[in-house]
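Structure at a glance
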Amino acid sequence: MKASEAPTIRHPSWNQYRNRIIAAIADVEVMMQQLGKGINSEVLTEEVAERLMMEIDTPEAYEALLKLVRATRAIAREGLRMTREEQGGQYALLLV
């Protein structure tokens, strides 16, 4: 899939797309935590695109994905925090 063809907020599959972004962010965040490293939003965006096998084909598409990653990163982190509390530090994440 090309990033320029990704669903927009009015598209019927928007929520599914957004949830896949959040899951990919969580996956990358866990990996970075395990490595003891941080990651900025730009690199995170590239990692998310790679995990979703999404080609970032235009500057506009990159900016749209970057904005979505920034907007949903807190949701992914909160989900990880809740999982850590519920499972005593163990993660059970499904890769998309």
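In case you missed it, the structure is sitting above this.
Everything in this summary refers to the structure shown in the same document. Small disclaimer: the values here were computed from a predicted structure and weren't measured.

Considerations on the layout of surface pockets
Quantified by volume, the largest pocket comes out at close to 170 Å³. Counting residues per element, the ones that place at least two in the lining of the largest pocket are helix 1 (14-35) and helix 3 (59-86). If you tally residues by element for the lining of the largest pocket, the top one is helix 3, at four residues. Of the residues assigned to the lining of the largest pocket, the class counts are ten nonpolar, two polar and no charged.

Points about the packing of helix 1 against helix 3
Contact pair helix 1 / helix 3: the axes reach a minimum separation of 8 Å and the direction vectors enclose 65°. The hand of the helix 1/helix 3 crossing is right-handed. Contacts between helix 1 and helix 3 involve W14, Y17, R18, I21, I22, I25, A26, E29, V30 and Q33 from the first element and L65, L68, V69, T72, R73, I75, A76, R77, L80 and R84 from the second. Class assignment of the residues belonging to the contact of helix 1 with helix 3 gives a composition of 13 nonpolar, two polar and five charged.

What to know about the packing of aromatic side chains
This model, assessed by the stated rule, comprises one aromatic pair. On the basis of an interplanar angle of 50° and a centroid distance of 6.0 Å, the ring pair of W14 and Y17 is categorised as tilted. Highlighted residues: W14 and Y17, both in helix 1, separated by three residues, approximately one helical turn. By relative accessible area, Y17 is classed as buried at 6%.

Details of the nonpolar core
Y17, I21 and V48 are the most contacted members of the largest nonpolar core, which totals 24 residues. Mapped onto this core, the elements with two or more residues apiece are helix 1, helix 2 (41-51) and helix 3. In terms of residues, this core owes the most to one element, helix 1, which gives ten residues. Once residues lying within four places of it in the same chain are set aside, the contact partners of V48 are I21, A24, I25 and V69.

Parameters at a glance
Residues numbered from 1 in each chain as written. Predicted model: local features only at pLDDT ≥ 70, side-chain atom pairs only at ≥ 80, totals over all residues. Heavy atoms only, no water. 1 Å grid on protein atoms, 1.4 Å probe; cavity = no way out; pocket = protein on both sides within 12 Å on 5 of 7 lines; lining within 4 Å. Points joined across faces, edges and corners; volume = space filled by probe spheres on them. Helix = DSSP H or I, 4+ residues; strand = E, 2+ residues; numbered from the N terminus. Nonpolar A, V, L, I, M, F, W, Y, C, P; charged D, E, K, R; others polar. Axes fitted to C-alpha atoms, helices over the stretch in contact; angles between N-to-C directions. Left-handed = near helix turned anticlockwise from the far one by under 90°. Contact = heavy atoms within 4.5 Å. Phe/Tyr/Trp six-rings, centres within 6.5 Å; stacked < 30°, edge-to-face > 60°. Buried < 20%, exposed > 50% of the residue type's maximum accessible area, 1.4 Å probe, protein only. Core = buried A, V, L, I, M, F, W, Y, C linked by side-chain atoms within 4.5 Å.

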